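What follows is the residue order along each chain.
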Amino acid sequence: MADPYVVEVPLRWSDMDAYGHVNNVQYLRLLEDARVIGFREWFPDRPTLLDEGIVVTHHAIEYRAPLTYRPEPVEVDMWVTRVHGAGFDLGYTVRDPASVGTSLYALAETGLALYDFATARPRRLEPGARKALAAHVGEPVTFRRAAR
């Protein structure tokens, strides 16, 4: 497995809900922020997949511990779990940076499909993008629920 790509993502005061922890829907924003930052680095010599057109096909998140707001960011580890003709899946962990602690807050996976908005159709993954993604391939996300 390739080492996961690691990015620090700041928390926002508005991420908290009435219970005082980061709301479950805000995790999708944390994952999106990690993807946007990561894709700019993964594809440095060309427009990113974000610029060319990509859509989310699915999300799965398993929450492991409550995350409360703090000024320090969380770290999101991100890697490719599967590549197919018109897209790929990403795995993630959301956790403390080493300078903050050792808590794991969530495991997640996102499915992405390349999409041509002009024709309203999926498009094939180009060889250059496939090669860039191959450098980040790792194991599938192991969710507890899937083990039942």
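When helices and strands are counted, the chain shows three helices and six strands. For the chain, the sequential pattern of α-helices and β-strands runs β-α-α-β-β-β-β-β-α. The C-alpha radius of gyration computed for the chain amounts to 16 Å, which stays within 12% of the reference 15 Å derived for 148 residues, consistent with globular compactness. Across its three principal directions, the C-alpha atoms of the chain cover 45 × 30 × 30 Å. Across the 148 residues that make up the chain, the buried fraction comes to 45%. Counting only contacts in the chain whose residues sit at least 6 apart along the sequence, the fraction spanning at least 24 positions is 69%.

Let us now look at the pattern of salt bridges. The full count for this structure, using the stated rule, is ten salt bridges. Measuring nitrogen to oxygen at the nearest pair gives 3.2 Å for the salt bridge that ties R12 to D15. By relative accessible area, D15 is classed as buried at 0%. As a salt-bridge pair, D33 and R29 come within 2.7 Å of each other at their nearest N and O atoms. In this pair, D33 and R29 both sit in helix 1 (residues 26-42), four residues apart, roughly one turn of the helix. D33 gets classed as partly exposed once you look at its relative accessible area, which sits at 26%. Taking the relative accessible area as the measure of exposure, R29 reaches 13% and is therefore buried. Salt bridges sharing common partners tie together R12, D15, R29 and D33.

On to the environment of V55, then. Mapped onto the fold, V55 is located in strand 2 (residues 54-63). Accessibility expressed as a relative area gives 26% for V55, which makes it partly exposed. Distance from V55 to P122, taken between C-alpha atoms, is 9.3 Å for residues 67 residues apart in sequence. Not counting residues up to four positions away in its chain, the partners in contact with V55 are G111, L112, A113, Y115 and F117.

Let us now look at the packing of aromatic side chains. Tallying each qualifying case throughout the model produces seven aromatic pairs. A centroid spacing of 5.9 Å and a plane angle of 85 degrees characterise the contact between Y5 and W42, whose relative ring orientation is edge-to-face. Separated by 37 residues along the polypeptide, Y5 in strand 1 (residues 5-9) and W42 in helix 1 bring together distant segments of the chain. W42 matches Y5 in its accessibility class, with the two residues each being buried.

Looking now at the confidence of the model for the chain. Mean pLDDT over the chain stands at 92; residues scoring 70 or higher make up 97%. The least confident element of the chain is helix 2 (residues 49-52), whose mean pLDDT is 77; the most confident is strand 4 (residues 87-95), at 98.

Okay, unusual backbone geometry next. Glycine aside, a negative phi is what most residues show, and trans is what most peptide bonds show. Positive phi, close to 60 degrees, is recorded for A120, a residue that is not glycine. On the basis of relative accessibility, which here comes to 48%, the residue A120 falls in the partly exposed class.

Criteria and thresholds
Residues numbered from 1 in each chain as written. Predicted model: local features only at pLDDT ≥ 70, side-chain atom pairs only at ≥ 80, totals over all residues. Heavy atoms only, no water. Helix = DSSP H or I, 4+ residues; strand = E, 2+ residues; numbered from the N terminus. Rg over C-alpha atoms; globule rule 2.2 N^0.38 Å. Buried < 20%, exposed > 50% of the residue type's maximum accessible area, 1.4 Å probe, protein only. Contact = heavy atoms within 4.5 Å. Salt bridge = Lys/Arg side-chain N within 4 Å of Asp/Glu carboxyl O. Phe/Tyr/Trp six-rings, centres within 6.5 Å; stacked < 30°, edge-to-face > 60°. pLDDT = per-residue confidence, 0-100.

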